[in-house]
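Structural description and commentary
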Amino acid sequence: MTSTRTAVLTGAAAERGIGQATARAYAKAGWAVAILDLDGELAARVAADIASEHGVPVYGGAVDVANEASVSAAQQEISARVADGTLPPVGALANIAGITSPVPFLETTLDLWNKVLAVNATGTYLVTKAFLPDMIERGFGRIINMSSVSAQRGGGVFGKVPYSAAKAAILGFTKALARELGSSGVTVNAVTPGAVDTNIRVGSTPEQEAAIVRDIPLGRQATPDDVAAVFVFLSSDEAGYLQGTTIDINGGSHLH
Ligand SMILES: NC(=O)c1ccc[n+]([C@@H]2O[C@H](COP(=O)([O-])OP(=O)(O)OC[C@H]3O[C@@H](n4cnc5c(N)ncnc54)[C@H](O)[C@@H]3O)[C@@H](O)[C@H]2O)c1
């Protein structure tokens, strides 16, 4: 199968992470993938592994989504590869990079607050702003932003106040940008997973993990693949009428 579109994913290098599973799911569906992560070496290794498994064009490199110059450099790397035909045009952007803040509010320093907002919310803004112009010019694009059930229910899974605030900012960002994009051919939607079994939660105690599962009607946490499937669907031609929406992926643990 020849790949006709590239999916750009941030935060897609970590082993057992949602991002890496999502990159693999895009490749399985025939997309070329460009993996951007703070850990550029791991991103390049994961990209090479995906290329050998699925035979799709890949790129893997470093980015700090919270740093405008770094985002711009990463976008230019990918753009150069699109220009020389190494990668097909960018059709989807999955803003997945994120960090959490497992600290009670009164122990939250301004540095921690700024960092959590910078990676989750400002990162989504910077990366979207970098890749959106080419999507608008080609009249097609799918932007999917990683929020969390923590935005909707006020934490409770593992993120506390800064994390919930940052993930809620992503929902407002998604809705407002969706309105502004109108009929440009570019859609922007968000996903709100509940508990997903990844390394981001290594600090949780077995008791906390058990309590989380007790609260999930489906009786288990999500796997990264459960979340990946929704990214790939939201990137499809068939999802073209979904604009500014939020898709819950929480096993029924938060219904509204
Ligand atoms: N695991 C869960 O229960 C859960 C639930 C809801 C939402 N989420 C969100 O899903 C996303 C992925 O989480 P995960 O559980 O796979 O975590 P993870 O820690 O396994 O992966 C996060 C990835 O983001 C990268 N990253 C961190 N800071 C970055 C930066 N400044 N620039 C670029 N990349 C950076 C990390 O290197 C890592 O590869 C996050 O946004 C997280 O908030 C996770």
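The present account deals with the structure reproduced in this document. (Residues numbered from 1 in each chain as written. Predicted model: local features only at pLDDT ≥ 70, side-chain atom pairs only at ≥ 80, totals over all residues. Heavy atoms only, no water.)

Attention now moves to the pattern of salt bridges. Under the definition given, this model contains 7 salt bridges. Between Arg24 and Glu53 there is a salt bridge, and its shortest N-O distance comes to 3.1 Å. With Arg24 in helix H1 (residues 18-28) and Glu53 in helix H2 (residues 40-54), this residue pair connects regions lying 29 residues apart in the sequence. Exposure remark for Arg24: the relative accessible area of 22% places this residue in the partly exposed category. Through salt bridges with shared partners, a single ionic network connects Arg24, Asp49 and Glu53. (Salt bridge = Lys/Arg side-chain N within 4 Å of Asp/Glu carboxyl O. Helix = DSSP H or I, 4+ residues; strand = E, 2+ residues; numbered from the N terminus. Buried < 20%, exposed > 50% of the residue type's maximum accessible area, 1.4 Å probe, protein only.)

Asp37, Ile96, Tyr163, Val196 and Thr198 are the nearest of the 28 residues found near the ligand. One nitrogen or oxygen atom from the main chain of Ile18 is found 2.8 Å from an oxygen atom belonging to the ligand. Between the ligand and the protein, one listed contact pairs an oxygen atom with a side-chain N or O atom of Asp37 at 2.6 Å. Relative to its unbound accessible surface of 830 Å², the ligand loses 92% to contact with the protein. Residue composition of the shell around the ligand, by class: 17 nonpolar, 7 polar and 4 charged. (Near = heavy atom within 4 Å. Polar contact = N/O pair within 3.5 Å; in protein donor to acceptor, adjacent residues only side chain to side chain. Areas by Shrake-Rupley, 256 points an atom, 1.4 Å probe, with all protein chains shown as cover. Nonpolar A, V, L, I, M, F, W, Y, C, P; charged D, E, K, R; others polar.)

A word on the packing of aromatic side chains. Tallied over the entire structure, the rule returns 1 aromatic pair. Ring centres 5.3 Å apart and planes at 70° place the aromatic pair Tyr26 and Trp31 in the edge-to-face group. The class for Trp31 is buried, based on a relative accessible area of 10%. Above the plane of the ring of Phe140 lies Arg5, whose end atom (NZ or CZ) is 3.7 Å from the centre. (Phe/Tyr/Trp six-rings, centres within 6.5 Å; stacked < 30°, edge-to-face > 60°. Lys NZ or Arg CZ within 6 Å of the ring centre and 35° of its normal.)

Let us look at the side chain of Gln75. The residue Gln75 is located in helix H3 (residues 68-83) in this model. Judged by its relative accessible area of 14%, Gln75 is buried. Contacts of Gln75, omitting those with residues within four sequence positions, involve Ala130, Phe131 and Asp134. (Contact = heavy atoms within 4.5 Å.)

Where helix H4 (residues 110-138) meets helix H6 (residues 161-181), the axes come as close as 8 Å, and the angle between the chain directions of the two elements is 20°. It follows from the interaxial angle that H4 and H6 lie roughly parallel. Our pair here, H4 against H6, has a crossing hand that is right-handed. Residues Trp113, Val116, Leu117, Asn120, Ala121, Thr124, Tyr125, Thr128, Leu132 and Ile136 of H4 touch H6, and the partners they reach there are Val161, Pro162, Tyr163, Ala165, Ala166, Lys167, Ala169, Ile170, Phe173, Leu177 and Leu181. Taken together, the residues that form the contact of H4 with H6 break down as 17 nonpolar, 3 polar and 1 charged. (Axes fitted to C-alpha atoms, helices over the stretch in contact; angles between N-to-C directions. Parallel < 35°, antiparallel > 145°, perpendicular 65-115°, else oblique. Left-handed = near helix turned anticlockwise from the far one by under 90°.)

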